[in-house]
Amino acid sequence: MSAPMLRLSLPHIDGTAIAAVAEVLRSGQLVQGAQVAAFEAELQQWLGARHAVLVSSGTAALHLALLALGIGPGDAVLVPDFTFPATGNVVKLVGARPVLVDVDAANYCATPAALQRAIEGWRGPERLRALMPVHEFGHPVDMAAVNALAARHGLAVVEDAACAIGARCGDRLAGTLGTVGCISLHPRKTLTTGEGGVLVTDDDVLAQRLRRLRNHGIERTAAGLVFHEAGYNLRLTDMQAALGRAQLPHLDGWISARRALAARYAVVLAPLAACGLLTPPADHAGHSWQTYMVVLAGGIERGGVIRALAAQDIEANLGAQCLSAQPSFADVAVRSPVAQRLYAQGLALPFCEQYGAPEVERVGLALAAALGLHVGAAHAR
């Protein structure tokens, strides 16, 4: 019997979670209701934040964060150049200008020093209004330094913790350290509601506006519904909230398992790193490890490696995008050599808490064979 297909990631949905969703379906209360309210309260406690506002996706969270802060035409926002395009897209969608910043080659995040240089070098007509640090793949950004930088320049901090639920920055969790934090609950994330997102803030006024904006601008009062402003329909359903609630008690254990898996990958891939064939990701005590991405050496064709792994029933893919390399960001002039290299040579490997040492060993052997074949073919040419 052949080995099972190793997917990039698997959502962790057990019978209890399925039963919780079925119970909501039988109740007839499907839209935002008691399950959403309960999930928000549980997330607030788990995150250590005053407010957790559930919405329909991580992108919706980022979008509403900018809208609620009043960012729009005439404004500019600093965004890492290596991230999922949603981070930059939402800046464009509110009519503002994304200012792209290159990232660190080891941890894939924009550093405070790079953000400082971008602020000092900004000469555009738009006014800088906010920073959007991204905890890429769960690696924590130095938020103390980012917040100090933002305070010096009067900028809001929209913390993109889409991939970083459970990541730690000192004694605080990622997503709780900016003006507002945004977390994704997509199936590739450690905690999933299918699609979904969370806005996190300690600002009571901001939280009130976020809750209005996600639901048509509505606020419930003793006199009935009041439509305060034109809002959106970006609510999470009660079925999704029930799914998330069933997983939340397991999240700490899942993150611990992911940290152990990343440590095992580092050991297994060390010989390939020593040969200069790849560079593993930087470790950090607070890393939550949503994705495990290595960077292939220059000259190694990533597509060929992906195909060779697929022939062994192992799924691999690129990690994230370089925004300045996308047609949709052609109007943003920037040179980001690190982001360009990570986009061209980054390779995401199978990674989730359901995998263990046997899966990592299997990936390591297949990757070594794929890289050996590639190097041999290159030398033959």
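As for a nonpolar patch on the surface
Part 1 of the reasoning: Residues Leu-25, Leu-30 and Val-31 make up a contiguous nonpolar surface patch of roughly 250 Å² in combined accessible area.
Part 2 of the reasoning: Classification of Leu-30 by relative accessible area gives partly exposed; the value is 33%.

What about the pairing of strand E1 (residues 51-55)?
Part 1 of the reasoning: When you tally the buried positions in E1, you get five out of five residues, the bulk of the element.
Part 2 of the reasoning: Judged by which residues are buried, E1 turns out to be covered on both faces: His-51, Val-53 and Val-55 on one side and Ala-52 and Leu-54 on the other are all buried.
Part 3 of the reasoning: Two strands pair when backbone bridges link them, and E1 and strand E10 (residues 197-201) are joined in this way by five bridges, in the antiparallel orientation. Bridge pairing in E10 places Leu-54 opposite Val-198.

Some remarks on the side chain of His-51
Part 1 of the reasoning: Residue position: His-51 is located in strand E1.
Part 2 of the reasoning: Residue class for His-51 comes out buried when judged on its relative accessible area of 15%.
Part 3 of the reasoning: Engagement of the side chain of His-51 in a polar contact is seen with the side chain of Asp-204, the distance being 2.7 Å.
Part 4 of the reasoning: In this structure His-51 touches Gln-44, Leu-199, Val-200, Thr-201, Asp-202, Asp-203, Asp-204, Ala-207 and Arg-211, once residues within four positions along its chain are discounted.

Section: the packing of aromatic side chains
Part 1 of the reasoning: The full count for this structure, using the stated rule, is eight aromatic pairs.
Part 2 of the reasoning: Ring centres of Tyr-265 and Phe-351 lie 6.2 Å apart, and the angle between their planes is 25°; on these two criteria the pair is classed as stacked. With Tyr-265 in helix H9 (residues 251-274) and Phe-351 in the loop between strand E16 (346-349) and helix H12 (357-380), the pair connects residues that are 86 residues apart, well separated along the chain.
Part 3 of the reasoning: With relative accessibility at 1%, the residue Tyr-265 sits in the buried group.
Part 4 of the reasoning: Note on Phe-351: relative accessible area 1%, which makes it buried.

Re the sheet that holds E16
Part 1 of the reasoning: The strand order across the open sheet built from three strands is E13-E14-E16, with neighbouring strands paired in antiparallel fashion. The open sheet has two edge strands, strand E13 (278-279) and E16, and neither has a second partner.
Part 2 of the reasoning: The sheet contact formed by strand E14 (residues 292-296) and E16 spans four bridges and is antiparallel. The partner of Tyr-292 across the bridge, within E16, is Leu-349.
Part 3 of the reasoning: Contacting E13, E14 and E16, H9 runs over the sheet at an angle of about 10° to E14.
Part 4 of the reasoning: Sitting on the sheet, helix H11 (residues 337-345) is in contact with E14 and E16, with an inclination near 100° to E14.

What about the pairing of strand E9 (residues 180-184)?
Part 1 of the reasoning: Among the five residues of E9, five are classified as buried, and the element is accordingly described as predominantly covered.
Part 2 of the reasoning: The two faces of E9 match: Val-180, Cys-182 and Ser-184 on one face and Gly-181 and Ile-183 on the other face are all buried.
Part 3 of the reasoning: Where strand E6 (residues 156-160) and E9 come together, three bridges link them in parallel fashion. Of the residues in E9, the one forming a bridge with Glu-159 is Gly-181.

The rules behind each value
Residues numbered from 1 in each chain as written. Predicted model: local features only at pLDDT ≥ 70, side-chain atom pairs only at ≥ 80, totals over all residues. Heavy atoms only, no water. Patch = residues over 30% accessible without salt bridge, like charges linked within 9 Å, V, L, I, M, F, W, Y side chains within 5 Å. Areas by Shrake-Rupley, 256 points an atom, 1.4 Å probe, with all protein chains shown as cover. Salt bridge = Lys/Arg side-chain N within 4 Å of Asp/Glu carboxyl O. Buried < 20%, exposed > 50% of the residue type's maximum accessible area, 1.4 Å probe, protein only. Helix = DSSP H or I, 4+ residues; strand = E, 2+ residues; numbered from the N terminus. Pairing = 2+ DSSP bridges. Polar contact = N/O pair within 3.5 Å; in protein donor to acceptor, adjacent residues only side chain to side chain. Contact = heavy atoms within 4.5 Å. Phe/Tyr/Trp six-rings, centres within 6.5 Å; stacked < 30°, edge-to-face > 60°. Axes fitted to C-alpha atoms, helices over the stretch in contact; angles between N-to-C directions.

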